Protein chains: 2
Amino acid sequence: MKKLINKIDDVVAEALKGLSAAHSDTVRAIPESRVVVRASSSSPKVVLISGGGSGHEPLHCGFVGYGMLDAACAGEIFTSPTPDQICSAVHEVNGGRGVLFLVKNYSGDIMNFKIAREILEGEGVDVESVVICDDVSVTDSTWTVGRRGVGGTVFIEKIAGAYAETGASLNDVKSLADRVNANVRTMGAALTSCTVPAVGRPTFGLGDDEIELGIGIHGEPGRARVKMSSSAEIVEYIAGAVVDDLPFRPGDEVAVLVNGMGGTPLIELYIVYNDLKQFLGGRGIKIGRNLVGSYITSLDMQGVSITLLRLDNQMKELWDHPVRTPALCMWR
Amino acid sequence: MKKLINKIDDVVAEALKGLSAAHSDTVRAIPESRVVVRASSSSPKVVLISGGGSGHEPLHCGFVGYGMLDAACAGEIFTSPTPDQICSAVHEVNGGRGVLFLVKNYSGDIMNFKIAREILEGEGVDVESVVICDDVSVTDSTWTVGRRGVGGTVFIEKIAGAYAETGASLNDVKSLADRVNANVRTMGAALTSCTVPAVGRPTFGLGDDEIELGIGIHGEPGRARVKMSSSAEIVEYIAGAVVDDLPFRPGDEVAVLVNGMGGTPLIELYIVYNDLKQFLGGRGIKIGRNLVGSYITSLDMQGVSITLLRLDNQMKELWDHPVRTPALCMWR
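All of the points below concern the structure found in this document. (Residues numbered from 1 in each chain as written. Chains lettered and ligands numbered in written order. Predicted model: local features only at pLDDT ≥ 70, side-chain atom pairs only at ≥ 80, totals over all residues. Heavy atoms only, no water.)

Our focus in this paragraph is unusual backbone geometry. Here the bond from Glu 57 of chain A into Pro 58 of chain A is cis, since omega is 10°, no more than 30 degrees from zero. Along the chain, Pro 58 of chain A falls in the loop between strand 3 (47-54) and strand 4 (71-77). The omega torsion of the bond from Leu 246 of chain A to Pro 247 of chain A falls at -10°, within 30 degrees of zero and hence cis. Examined against the element boundaries, Pro 247 of chain A turns out to sit in the loop between helix 6 (231-245) and strand 10 (253-260). One non-glycine residue with positive phi stands out, namely Arg 34 of chain B, at about 50°. Residue position: Arg 34 of chain B is located in the loop between strand 1 (27-30) and strand 2 (35-38). At Leu 299 of chain B, a position not held by glycine, the phi torsion is positive, near 50°. Here Leu 299 of chain B lies in the loop between strand 11 (286-293) and strand 12 (303-310). Since its relative accessible area comes to 3%, Leu 299 of chain B is described here as buried. (Helix = DSSP H or I, 4+ residues; strand = E, 2+ residues; numbered from the N terminus. Buried < 20%, exposed > 50% of the residue type's maximum accessible area, 1.4 Å probe, protein only.)

Relative to the assigned elements, Gly 263 of chain B resides in the loop between strand 10 (253-260) and helix 7 (266-282). Sequence-wise, Gly 263 of chain B and Ser 42 of chain B are 221 residues apart; in three dimensions their C-alpha atoms are separated by 35 Å. Here Gly 263 of chain B is in contact with Gly 262 and Gly 263 of chain A together with Leu 299, Asp 300, Met 301 and Gln 302 of chain B, once residues within four sequence places are set aside. (Contact = heavy atoms within 4.5 Å.)

Our focus in this paragraph is the pattern of salt bridges. Side chains that carry opposite charge are capable of pairing whenever their charged atoms lie near each other. The tally for this structure, following the rule as stated, stands at 42 salt bridges over all chains. Put simply, Glu 121 of chain B and Arg 117 of chain B hold a salt bridge, and the shortest N to O gap is 2.9 Å. Note that Glu 121 of chain B and Arg 117 of chain B are positioned in helix 3 (residues 107-122) at a spacing of four residues, about one turn of the helix. Classification of Glu 121 of chain B by relative accessible area gives partly exposed; the value is 39%. Salt bridges sharing common partners tie together Arg 38, Lys 45, Asp 70 and Glu 165 of chain A. (Salt bridge = Lys/Arg side-chain N within 4 Å of Asp/Glu carboxyl O.)

Turning next to helix 3 (residues 107-122) of chain A. All names here are of chain A. Between its first and last C-alpha atoms helix 3 spans 23 Å; for 16 residues at 1.5 Å apiece the expected length is 22 Å, and the two agree. Among all positions in helix 3, only Asp 109, Asn 112, Phe 113, Ala 116 and Leu 120 are buried. One side of helix 3 carries all its buried residues, which in axial view fall inside an arc of 95°. In helix 3, the exposed residues that point more than 90 degrees away from the buried face are Lys 114 and Gly 122. Buried residues in helix 3 make contact with strand 3, helix 2 (83-93), strand 5 (99-104) and strand 6 (127-132). (Expected span 1.5 Å × (residues − 1). Arc of directions from axis to C-beta.)

A few words now on the packing of aromatic side chains. In total, this model carries six aromatic pairs over all chains according to the counting rule given. Seen in terms of ring centroids, Phe 63 of chain A and Tyr 295 of chain A are 6.4 Å apart; in terms of plane orientation they differ by 25°. Their pairing is stacked. Note that Phe 63 of chain A is positioned in the loop between strand 3 and strand 4 and Tyr 295 of chain A in the loop between strand 11 (286-293) and strand 12 (303-310), a separation of 232 residues in sequence. Each member of the pair, Phe 63 of chain A together with Tyr 295 of chain A, is buried. With 5.4 Å between their ring centres and 80° between their planes, Phe 155 of chain B and Trp 319 of chain B make a pair best called edge-to-face. Separated by 164 residues along the polypeptide, Phe 155 of chain B in helix 4 (residues 152-165) and Trp 319 of chain B in helix 8 (residues 313-319) bring together distant segments of the chain. Above the ring of Trp 319 of chain B, the side-chain terminus of Lys 158 of chain B is found at 5.7 Å from the ring centroid. Here the basic side chain of Arg 324 of chain B rests over the ring of Trp 331 of chain A, its NZ or CZ set 4.4 Å away from the ring centre. (Phe/Tyr/Trp six-rings, centres within 6.5 Å; stacked < 30°, edge-to-face > 60°. Lys NZ or Arg CZ within 6 Å of the ring centre and 35° of its normal.)

Residues and elements named next belong to chain A. What the six strands build is an open sheet, ordered 9-8-7-12-10-11; its pairing is mixed. Strands at the two margins of the open sheet, each flanked by one partner only, are strand 9 (224-227) and strand 11. Averaged over neighbouring strand pairs, the angle between their axes works out to 20° when direction is ignored. Bridge count for strand 7 (residues 184-190) against strand 8 (residues 210-213) is two bridges, and the pairing is antiparallel. If you follow Ala 190 over to strand 8, its bridge partner there is Glu 212. On the sheet, helix 7 (residues 266-282) packs against strand 10, strand 11 and strand 12 and is oriented at approximately 155° with respect to strand 10. (Pairing = 2+ DSSP bridges. Axes fitted to C-alpha atoms, helices over the stretch in contact; angles between N-to-C directions.)

Relative to the helices and strands, Glu 268 of chain B is located in helix 7. Discounting chain neighbours no more than four positions away, the residues touching Glu 268 of chain B are Lys 3 and Leu 4 of chain A.

We now examine the interface of chain B and chain A. Listed by partner, the interface residues are 60 residues for chain B and 61 residues for chain A. Approximately 4900 Å² of surface area, both sides summed, lies buried where chain B meets chain A, with 62% of it carried by carbon and sulfur atoms. For chain B, the biggest contributors to the area lost against chain A are Lys 2, Leu 4 and Trp 331 of chain B; these three give 20% of the whole. Here chain B and chain A share zero salt bridges between them. Put simply, the parts of the chain that give the side of chain B that touches chain A at least two residues each are helix 1 (11-22), strand 8 (210-213), helix 6 (231-245), helix 7, strand 11, strand 12, strand 13 (323-324) and strand 14 (329-330) of chain B. Top element by residues in the side of chain B that touches chain A is helix 7 of chain B. It accounts for eleven residues. A breakdown of the residues in the side of chain B that touches chain A according to their chemical character gives 31 nonpolar, 15 polar and 14 charged. (Buried area = accessible area lost by both parts, 1.4 Å probe. Nonpolar A, V, L, I, M, F, W, Y, C, P; charged D, E, K, R; others polar.)

Scope: geometric values only; no functional claims are made or implied.
Here it is as structure tokens:
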């Protein structure tokens, strides 16, 4: 295992220190609780809090800032944050207008955000949750009952985050996040396994000419292991599965995320985007907005995931709302 | 070789199509000449043009847009753009206020930008060039006489690009770019080799416990091949070489780039940044501005480079100028 790290136990703490030092104008890390919050408090608004295991950077801590999250909780690598961390995050940023948890559907995350919610409700805090479950690959998985939460998380955090900035109520922000969640679908493919630092060897074996279709972001098994093929063929398989699932229909306008899994160079992601545009064009689906880059990763895994969101006018308008976070920055 | 590509001959053309389709509000690709220009023409100003071999994405085409480049020319993978491409780029964007070429120091690039300059001067176009040579690792290399141009390119494109937006003259923008070039230094380290698509196997061999210090962005040899060590030790070696070269002195304020080589996950880059901050603190050097991410890459290589620029007030002010390109976007 070759990684740019020091002690294995310090990986998450040091990465958070690095993130907050590099982006001190935007975020602040609280080392004791491994929580990242905005550097400056916003005007009273519904606060959005997410979190999960580390190893998926920039998710979630890289999305804290104006127009997205108010706080994020970083668990150990591929391990849920604790209820204590989540409560700390809320205590740091709660402005009294209510709290929305954005939780990827993994059993540990569900459990810990639920415990935190009970504690906070006991303190009189108004908390709602959205459980993100956009991965069409498999139902029930290594750490998940139901569908896993993956790339759709980025769209939900962006769009709900923008809505909260406009002063929308907790119920309204939750409804919108639910609507995005209901209209977003994802599938990924791995060219290589990730290697968890504490384990020191690849999570799964994969032949020199093999890929795993429907991979999870922790290396959980997908739908099929097949021979390596072209970008266009991989796009046809995974985007095909995504389109057929919702289903997306001719005439739909979508936001797409072409997401690198951590070890994938940008030049390849643009080739995938080009293939995806052609594939969707053939299905009569129009790309209205897009992101191409590594936004939700699996350590050093090489591979790609494709996320499609059926857009409506409100989502488009909120997508275009400015955002200023360490990992996503847009203005016009 | 597992890569998300289609036909090897189509890699660059398809990636440019993908880039320009994904960022059509910012850039436009001209397929015949493999040139990327801004989507909308700017008010008359000095135009900045760069280019080089592909395989280093997002450099250079990802830096076309407001506040940075006016056009970029994409050669084949690790191959210089031709004089024809460069002339096409100038013809597309020249507004009559003069043209500045930003050229990384590789023999092919130097030759082709020089030929283009002669052609353009024959047409009456006012052209100046800056040859970027910030890599302290080695003098004279596989494709270079003198020092290689690497991460410093990103700082030069950003700062000179901002200055050009303010209406500065060609001589003034060139002087500033020269000053940035004179004050910027870089060194990299590779954990793995890159694999050029047309070759299909790693460019160089490297043991499972070895790293190459001073690596070039095409996999050219560096200073030393050593056993894998910790992030802090790697930082001490490469940042030490960078600091000693200029030299950077106690009291200096610097901009730093912690740059992933294409296959390096962000979590590792933040650990490196944390180590770098401590290292520089120990030398009495203050980080005034920073970038952490994969900005100048070597296909799928895993590794990192560290760039330091000694800042002055003008550079800092121009660094903070808003920028809106596919790969770098900042506003306050």
